[in-house]
Amino acid sequence: MFGRIDHIGVAVEDLDAAIALYETSFAMELVHRETVESQGVEAILLDVGDGHVELLRPLGPDTAVGKFIARSGPGLHHVAYAVDDVDATLTSLSAAGIRLIDAEPRVGIRDSRVAFLHPRSTGGVLTEIVEPAKGH
Ligand code: CO
């Protein structure tokens, strides 16, 4: 069902400090930067092997990531698995009894199509499935 880990999402307060850590100290290449209004974040993608690290800076305190940081502090936020067909995967997961945050996929970073699964049905791990846009 899941092809590979596409990325891990990390909630950050200080984006410049986080970029310095990942780009400079960890020598990962920063490959994309985008404001995703629908998710209330400024997102940075860095390459690591075939996968990515996604740094997420909330656009405000009332966003999902803003609330996460207020509750838990900055840190690991979600894991994202790559799938070939996000619609079919959502249908399968729903049929298997997995609780969905997104009943329908939405547009994610770099024109991917994404959906989140509820951590209450995934052992406490906020889980994203992502169908990357062609070429990514
Ligand atoms: Co993500």
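Every value quoted in this text rests on a predicted model; they were computed, and no experiment measured them. Along each chain, residue indices are assigned from 1 in the same order as the chain's sequence is written. Local features in this predicted model are restricted to residues of pLDDT 70 or higher, and side-chain atom pairs are both shown and tallied only at a pLDDT of 80 or more, whereas totals for entire chains, interfaces and linings draw on every residue. Heavy atoms throughout the structure, all of them, feed into the side-chain values; hydrogens and water do not.

**Quick word on the packing of aromatic side chains**
Quick reminder of the rule: In this scheme Phe, Tyr and Trp rings, the latter by its six-membered ring, pair at centre separations within 6.5 Å, and the angle between planes marks the pair as stacked below 30 degrees, edge-to-face above 60, and tilted otherwise. For helices the rule is a DSSP run of H or I covering at least 4 residues; for strands it is a run of E covering at least 2, with both sets numbered from the N terminus onward. The cut-offs for exposure are 20% and 50% of the maximum accessible area for each residue type, with area from a 1.4 Å probe on protein chains only; residues under the lower value are buried, those over the upper are exposed, and the others partly exposed.
In total, this model carries two aromatic pairs according to the counting rule given. Look at phenylalanine 2 and tyrosine 81: their rings are 4.5 Å apart centre to centre, the planes differ by 10°, and that puts the pair in the stacked class. Residue phenylalanine 2 is located in the segment before β1 (4-11), and its partner tyrosine 81 is located in strand β5 (residues 75-82); the two are separated by 79 residues in the primary sequence. On the basis of relative accessibility, which here comes to 24%, the residue tyrosine 81 falls in the partly exposed class. Between the aromatic rings of tyrosine 22 and phenylalanine 26, the centroid separation amounts to 5.2 Å while the plane-to-plane angle is 90°, which identifies the pairing as edge-to-face.

**Quick notes on the coordination of the cobalt ion**
What counts, and what does not: In this listing, donors mean N, O and S atoms no farther than 2.8 Å from the metal, or 3.2 Å for Na, K and Ca; water is missing from the atoms, so a site can look incomplete. Just to be clear on the cut-offs, tetrahedral is four donors with all angles between 85 and 135 degrees, square planar is four donors and octahedral six with opposite donors over 155 degrees apart and all others between 65 and 115, and anything else goes down as irregular.
Distances from the cobalt ion to its protein donors, His7 (NE2), Glu54 (OE), His78 (NE2) and Glu128 (OE), fall within 2.0 to 2.2 Å. Classification of the site at the cobalt ion rests on its four donor atoms, whose angles at the metal span 85 to 171°, yielding the label irregular. Mapping the donors of the cobalt ion onto the primary sequence gives the spacing H-x46-E-x23-H-x49-E. Placement of histidine 7 in strand β1 and of glutamate 128 in strand β8 (residues 127-131) is noted, with a sequence separation of 121 residues between them. Relative accessible area serves as the criterion here: at 3%, glutamate 128 is assigned to the buried category.

**Digging into unusual backbone geometry**
Here arginine 110, not a glycine, exhibits a phi torsion of approximately 55°, which is positive. Tracing the backbone through its elements, the reader meets arginine 110 in the loop between β6 (106-107) and β7 (113-117). Relative accessible area serves as the criterion here: at 16%, arginine 110 is assigned to the buried category. Backbone geometry places aspartate 111, a non-glycine residue, at a positive phi of 60°.

**Notes on the pattern of salt bridges**
For clarity, the cut-off: The term salt bridge refers to a side-chain nitrogen of Lys or Arg lying within 4 Å of a carboxyl oxygen of Asp or Glu.
Enumeration over the complete set of coordinates arrives at six salt bridges. Note that arginine 113 is salt-bridged to aspartate 87, the shortest N-O span being 2.8 Å. Remark: aspartate 87 occurs in helix α3 (residues 86-95) and arginine 113 occurs in strand β7; sequence separation between them is 26 residues. Salt bridges linked by common partners bring Arg33, Glu42 and Arg57 together as one network.

**Comments concerning the layout of surface pockets**
By rolling a water-sized probe across the atoms, one finds the places where empty space is left. Which entries qualify depends on this criterion: Cavities and pockets are defined on a 1 Å grid built over the protein atoms alone: a cavity is a set of grid points where a 1.4 Å probe fits but cannot escape, while a pocket is an open set with protein on both sides within 12 Å along at least five of seven lines, and lining residues are those with an atom within 4 Å of any such point. Grid points are joined across faces, edges and corners, and a volume is the space filled by probe spheres set on the points. Note on residue categories: nonpolar means Ala, Val, Leu, Ile, Met, Phe, Trp, Tyr, Cys or Pro, charged means Asp, Glu, Lys or Arg, and polar means any other residue, Gly included.
Size it by volume and the largest pocket reaches roughly 470 Å³. Lining the largest pocket are 21 residues, with Ala64, Phe68, His77, Phe116 and Leu126 sitting closest to its centre. Breaking the lining of the largest pocket down by element, the ones donating at least two residues are β4 (51-58), α2 (64-72) and β5. For the lining of the largest pocket, the element with the highest residue contribution is α2, accounting for five residues. Reported here for the second largest pocket is a volume of approximately 160 Å³. Lining the second largest pocket are 13 residues; nearest its centre among them are Ala82, Val83, Asp84, Asp85 and Pro132. Considered class by class, the residues forming the lining of the second largest pocket number five nonpolar, four polar and four charged.

In short, the description is geometric, and any link to function would need to be established separately.
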